[in-house]
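Single-letter residue listing:
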Amino acid sequence: MSKKKQSQAPSIFFEEFAVTPPVTKAAKPYLPPKKAPSETAIVYCEDNFGGIDGKTANGLVRHSEKYKILSIIDSEKSGQDAGQVLDGKPNGIPIFENLKEAVADAGRLPKNFIFGISPATGMYSSIERRLLLEAIKQGMNIVNGLHELLNDDPEFSAASARSQVIIRDVRKPRAKKDLRVFSGRIEDVTCPRIAVLGTDCAIGKRTTATVMAAALKERGINAVIIVTGQTGLIQGARYGLPLDAIPSKFCAGELEATIIEAFENEDPDVILIEGQGSLSHPAYSSSSFILRGSCPQGVVLQHAPGRKHRCHFESMPMPTPASEINLIETFAETKVIGLTLNHENMTDAEISAAIIGYEEEFGIPSTDSLSRSPERLVEMVLSAFPQVGA
């Protein structure tokens, strides 16, 4: 186990959306030291920056190993600082009204144009298509995280050829002939596997996994994250897959193979798997594939006590942690080892009360990964898997 410590980076909030932090002087969560990204990028997030559907843009502003984010395009928040909008702390990334202003501010043409919105439809509007074509015409590569694959679109493939730019379809899975089915070799992965699941979508699962991994590394514990969505892939995660774009027959096998690759290459002490959606949510099936493909020995459940209904589904009330825990432990041979909070719409006193209440109710560690010390996340892992810290 490596004892080299990672440096402590500034605090961030949930990649999925902006939240108002509780009024308290909280410890800053550990985050991976930022590498110097080699590629410049403008991120488009019209009318969604800081919102739930702007989660890709939000995540990139706070953490990106692959791209240096120069600016955000959102006319509704033009003139503001992206960090101020998200976290109440300026970070020097400006927000502009349109592409022309963003390019002019950059001084030289940015290399990439990233579409930073994650609409429920997974498709582009006609206005968005025209803007993407304009970015291509100007000579920028396109980073596309939606289900609509632009390389398969004759208009876009012709435009990219004319301008000699690249379209990166993040959600394009490997060719079907190369897709892998579940083999059972997950049992060869001898370190603990922990899935970070949630009671809803856009609830902070990726953020909690990121903070947890960094806190473990601070202790000299080699933690590796497997990302399963487009935002983590665009951010530059080494191991991951666009799980919701893979044919269902191969989802468990592709995830299993990715975990095995990370295990063999990194010799980790623990592997964390980013969850998607919610096992109880009728609109999403990814959580079931994550539980099947990773066969986790432990699950950390992310919950938002202040959220009244599921995102985009106002008629669906949020499930209770108790019902979600029961469903997870019934569906898979695993154990929920901790409960983490998304503190949206909560005061600091309410967070503390929720943490105490959940620990009394379930007898497992509970914490807020952002407003409380990340050491609690380390304790959560070590209490369930003491061999990790040996």
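Residues numbered from 1 in each chain as written. Predicted model: local features only at pLDDT ≥ 70, side-chain atom pairs only at ≥ 80, totals over all residues. Heavy atoms only, no water.

1. Description of the sheet that holds strand 3 (residues 95–96)
Now for step 1: Read from one edge of the open sheet, 6 strands run 3-2-1-4-5-6, paired in parallel fashion. With one partner strand each, in any of the chains shown, strand 3 and strand 6 (167–169) form the two edges of the open sheet.
Now for step 2: The sheet contact formed by strand 1 (residues 39–44) and strand 2 (residues 67–73) spans 6 bridges and is parallel. Within strand 2, the position partnered with alanine 41 by the bridge is isoleucine 69.
Now for step 3: Relative to the sheet, helix 3 (residues 99–106) contacts strand 1, strand 2, strand 3 and strand 4 (112–115), its axis offset from that of strand 2 by approximately 140°.
Now for step 4: Contacting strand 1, strand 4, strand 5 (141–144) and strand 6, helix 4 (residues 126–138) crosses the sheet at an angle of about 165° to strand 4. (Pairing = 2+ DSSP bridges. Helix = DSSP H or I, 4+ residues; strand = E, 2+ residues; numbered from the N terminus. Contact = heavy atoms within 4.5 Å. Axes fitted to C-alpha atoms, helices over the stretch in contact; angles between N-to-C directions.)

2. Some thoughts on the nonpolar core
Now for step 1: Core analysis: the largest hydrophobic core is formed by 43 residues, its most contacted members being Phe49, Ile69, Ile72, Leu99, Phe113, Ile114 and Ile142.
Now for step 2: By size, the runner-up hydrophobic cluster in this structure holds 38 residues, among which are Ile186, Ala195, Leu243 and Ala332. (Core = buried A, V, L, I, M, F, W, Y, C linked by side-chain atoms within 4.5 Å. Buried < 20%, exposed > 50% of the residue type's maximum accessible area, 1.4 Å probe, protein only.)

3. Some thoughts on helix 10 (residues 321–331)
Now for step 1: Where helix 10 is concerned, the buried positions are Pro321, Glu324, Ile325 and Ile328. The buried residues of helix 10 occupy one face: seen down the axis, they fall within an arc of 100°. Along helix 10, the residues that are exposed and aim more than 90 degrees away from the buried face are Asn326 and Thr330.
Now for step 2: Where helix 10 is buried, its residues touch strand 7 (193–198), helix 9 (286–294), strand 10 (298–303), strand 13 (336–341) and helix 11 (348–362). (Arc of directions from axis to C-beta.)

4. A short note on the sheet that holds strand 13
Now for step 1: Read from one edge to the other, the open sheet built from 6 strands follows the order 8-9-7-10-13-14, with strand pairing classed as parallel. Because the sheet does not close on itself, it has two edges, and the strands there are strand 8 (223–226) and strand 14 (366–367).
Now for step 2: Strand direction decides the pairing type here: strand 7 and strand 10, joined by 5 bridges, are parallel. Bridge assignment links leucine 197 to a residue of strand 10, and that residue is leucine 301.
Now for step 3: Against the sheet, helix 6 (residues 205–218) engages strand 7, strand 8, strand 9 (270–274), strand 10 and strand 13, with an angle of about 160° to strand 8.
Now for step 4: Contacts from helix 8 (residues 248–266) reach strand 7, strand 8 and strand 9, with the element oriented near 155° to strand 8.

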